[in-house]
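What follows is the residue order along each chain.
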Amino acid sequence: MASARPLPWGGTAGTTSSATATARWSSGRPLTHSCRLDSLLSATDTSTSMIAGQSQNVMLRGIWWPTPRRSRRGSRRWRITSTARGSSSGSTPTPGEIQDNPASASACPHHSGEQIVSAGSRPAPRCSPGPSATRSRTPRPSRHGEDHVICDVFIGITQGVDYLKYDNCNNGDLKPLERYPEMSRALMKVGRPIYFSLCEWGDMHPAKWGAAYGNSWRTTNDIADTWDSMIATADQNEVWAEYARPGGWNDPDMLEVGNGGMTNSEYVVHFSLWAISKAPLIIGCDVRHMSQETYDILANKEVIAVNQDPLGVPGKKVRMEGSSEIWAAPLSEYRTAVVLLNRHAKDQATITAHWDDIGLPAGTPVEATDLWLHETVDATFTDTMSFDVAPHSCRMFVLKPNIHIR
């Protein structure tokens, strides 16, 4: 197993608060073709050690579980139930025991079965309406899980679950505004906070209505691990910036950082844009085998702090000139986050940020901290600041007014 390195995401990982965007790890992409239980548990051990906090959570192929507890002798206290799709032979998990259904033990959870892992509490699945939705009009788990279990009832009896992603697969042509309110009401009956992630791929512009029912909503279709897909996804998400606020966030899909389809500089752009947009930061790579470069991106405390800033105002494009863009977002304590982005594939660009574009009063002297170089720029800027930016790269700063009040 890879050595665990802490990520500074203790602010939201493992909590139910939606005051800031959620930060987690998902196995949905890195373990798509690896359904071995030892691989899943190894990745979980690594990710829960990485995400700093008292009650870390990861997402196993759409199933969230809490951090594994161990007995005094160090043995796992998981109870693992593997139930084939459509089978009624699986039993309800009980904390502290391990059970396996041999008939489906070799089945990948994503295709023909569901593996439920419990450590001191019971898990909840990622849900979609399921193939039975057109008959009952009742939300049911994904076709990858037990179709005979009604999602809201399952969650109602579950203890310790703090996050539900309700997907759009097999929706039976039911409109989102029929399905999501029903699930939202079911979650409200549980009696404790559960983060509700709406995922209808942005089809019906959920930024306009999602806040009434959930804590985040997908604004785009699925992202791919390419520059073109990532930058187009950021563009589509930015259109809805004014609709996001503490308690309700635009979700442009999980992070592709570390999956190998982009350069390190392009992954820096990816993480910077998701952070300034206040998007949920959900790691989508195999954390057991990530490079030092990938870790340095995902563990950048200053960039994560921009994402988790309590003011909760998403960044927007404030100026576009050819392939050069300036993104800006106000932060708490009168600070401002700025991203200077060069979208050109070959040419370096000199990008200038003007105070009237980024929301600073004219003549305001500021101190600029470079979040990727981890240093304060040795200069005080007034009205504008200019930097050279390499192709498919960005510079990210936090500007702090340098004003002394007597």
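To be clear, the structure that these remarks concern was listed above.
In this text, all values refer to a predicted model and were calculated from it rather than measured experimentally.

1. Focus: the nonpolar core
- Residues Phe271, Leu273, Trp274 and Leu341 are the most contacted members of the largest nonpolar core, which totals 40 residues.
- Elements with a minimum of two residues in this core: helix H5 (227–238), helix H6 (264–276), strand S11 (281–283), helix H7 (292–298), helix H8 (301–307), strand S13 (324–330), strand S14 (336–342) and strand S19 (393–401).
- Residue contributions to this core peak at eight residues, all from H6.
- Those residues within four positions of Leu273 in sequence are excluded, and the remaining contacts are Ile231, Ala234, Trp327, Val339 and Leu341.

2. Some thoughts on the pattern of salt bridges
- Under the counting rule described, the total for this entry stands at 12 salt bridges.
- A salt bridge links Asp235 to Lys317; its shortest N-O distance comes to 2.7 Å. Residue Asp235 is found in helix H5, and its partner Lys317 is found in strand S12 (residues 316–321); the two are separated by 82 residues along the sequence.
- Put simply, Arg343 and Asp235 hold a salt bridge, and the shortest N to O gap is 2.9 Å. Of the two residues, Arg343 is situated in the loop between S14 and strand S15 (349–354) and Asp235 in helix H5; the sequence distance between them amounts to 108 residues.
- Accessibility expressed as a relative area gives 22% for Arg343, which makes it partly exposed.
- In the salt-bridge network here, residues are joined through shared partners; they are Asp235, Lys317, Glu325 and Arg343.

Cut-off values and rules
- Residues numbered from 1 in each chain as written.
- Predicted model: local features only at pLDDT ≥ 70, side-chain atom pairs only at ≥ 80, totals over all residues.
- Heavy atoms only, no water.
- Core = buried A, V, L, I, M, F, W, Y, C linked by side-chain atoms within 4.5 Å.
- Buried < 20%, exposed > 50% of the residue type's maximum accessible area, 1.4 Å probe, protein only.
- Helix = DSSP H or I, 4+ residues; strand = E, 2+ residues; numbered from the N terminus.
- Contact = heavy atoms within 4.5 Å.
- Salt bridge = Lys/Arg side-chain N within 4 Å of Asp/Glu carboxyl O.

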